[in-house]
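A structural walkthrough
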Amino acid sequence: LGASAHASPIEPLLVALTDTDADIAAAARAVVIGLGTSLASSLLDSLSPSQPGVVHGVVMEALLAAGKGGVGVLGETLASHTSPLAREIAAASLERLGKEASGATEALIGALTDDVDSVRSASALALGFVAERDEAVLEALVAACRDGVLAVRVAASTARSRITGSYVEPIAGL
């Protein structure tokens, strides 16, 4: 294999997703989605902000293909992965799974205090789709409505509105 050898088959697959040959890109997409949770951690570890959006989208599709079976991996990723992009994609994947991902509610609440605002925002939005009306969830969202970043405040108020069924104004101008 020489200089082109990879320790993991994931990176070449992700590169192949953007191949100019549509058949190669489609085959790579099918393989990545077929991996589901079997290599979910490796998929998340291989993400980079410099990759095209299509790569991130296909990784999310693979995570979603696992359904409820992938919730544990997504919750762990959200709670402890070193990559902000991996944490953000985990939160967005949990949002897309909706109530099926209710087992990750605690991880989503914990991520409302993440150092990265896009992770906090994605986690707040996800809570609106994942969480049941619960005191701890609503308290966490109230706190997030006081975040110093407007996008996080808007996401938290949107989630609160979704959970409570009534509009909640984001706290302006902090």
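The notes below deal with the structure included here. (Residues numbered from 1 in each chain as written. Predicted model: local features only at pLDDT ≥ 70, side-chain atom pairs only at ≥ 80, totals over all residues. Heavy atoms only, no water.)

A contiguous patch of negative charge on the surface is contributed by E106, D134, E135 and E139. Here E106 is to be found in helix 7 (residues 105-111). (Patch = residues over 30% accessible without salt bridge, like charges linked within 9 Å, V, L, I, M, F, W, Y side chains within 5 Å. Areas by Shrake-Rupley, 256 points an atom, 1.4 Å probe, with all protein chains shown as cover. Salt bridge = Lys/Arg side-chain N within 4 Å of Asp/Glu carboxyl O. Lys, Arg positive; Asp, Glu negative; His and termini not counted. Charge placed at Lys NZ, Arg CZ, Asp CG, Glu CD. Helix = DSSP H or I, 4+ residues; strand = E, 2+ residues; numbered from the N terminus.)

The subject of this paragraph is the nonpolar core. In terms of nonpolar packing, the biggest core is built from 53 residues, with L14, L43, L78, L94, L108, L127 and L141 touching the most fellow members. Excluding residues within four positions of it along the chain, L94 makes contact with V71, L74, L78, A101, A104, L108 and V130. (Core = buried A, V, L, I, M, F, W, Y, C linked by side-chain atoms within 4.5 Å. Buried < 20%, exposed > 50% of the residue type's maximum accessible area, 1.4 Å probe, protein only. Contact = heavy atoms within 4.5 Å.)

Here the focus is the environment of K68. Mapped onto the elements, K68 comes out in the loop between helix 4 (53-65) and helix 5 (71-80). Overall, K68 belongs to the exposed group, its relative accessible area being 60%. Each C-alpha atom, one on K68 and one on E132, is 16 Å from the other, the two residues being 64 residues apart in sequence.

Let's shift gears to the packing of helix 8 (residues 117-130) against helix 10 (residues 150-164). Contact geometry of helix 8 with helix 10 gives a least axis separation of 7 Å together with a crossing angle of 10°. Taken together, the axes of helix 8 and helix 10 lie roughly parallel to each other. For the pair formed by helix 8 and helix 10, the contact residues are D117, R120, S121, A124, L125, L127, G128 and F129 on the first element and A151, V152, A155, A156, T158, A159, R162 and I163 on the second. (Axes fitted to C-alpha atoms, helices over the stretch in contact; angles between N-to-C directions. Parallel < 35°, antiparallel > 145°, perpendicular 65-115°, else oblique.)

For T77, the location among the structural elements is in helix 5. The class of T77 is buried, set by a relative accessible area of 6%. Not counting the four nearest positions on each side in its chain, T77 is found in contact with L44, A86, R87 and A90.

Right, let's get into the pattern of salt bridges. The full count for this structure, using the stated rule, is four salt bridges. One salt bridge connects D114 with R87, and the closest N-O pair in it is separated by 2.8 Å. In this pair, D114 is assigned in the loop between helix 7 and helix 8 and R87 in helix 6 (residues 84-97), connecting sequence segments 27 residues apart. R87 carries the same exposure label as D114, and that label is buried. With its nearest N and O atoms 2.7 Å apart, the salt bridge here joins R120 to D147. Of this pair, R120 sits in helix 8 while D147 sits in the loop between helix 9 (135-144) and helix 10; the two residues are 27 residues apart in sequence, bridging distant segments of the chain. With respect to class, R120 is no different from D147; both count as buried.

The subject of this paragraph is the environment of A144. Within the secondary structure, A144 is located in helix 9. You can call A144 buried: its relative accessible area is 6%. With 36 residues separating them in the primary sequence, A144 and L108 have C-alpha atoms 12 Å apart.

To continue, consider the packing of helix 5 against helix 6. At their nearest, the axes of helix 5 and helix 6 sit 8 Å apart, and the two run at 140° to each other. By the angle between their directions, the pair helix 5 and helix 6 is classed as oblique. For the crossing formed where helix 5 meets helix 6, the hand is left-handed. Here helix 5 contributes V71, L74, T77 and L78 to the contact with helix 6, which in turn contributes A86, R87, A90, A91, S93, L94 and L97. Its residues placed into classes, the contact of helix 5 with helix 6 shows eight nonpolar, two polar and one charged. (Left-handed = near helix turned anticlockwise from the far one by under 90°. Nonpolar A, V, L, I, M, F, W, Y, C, P; charged D, E, K, R; others polar.)

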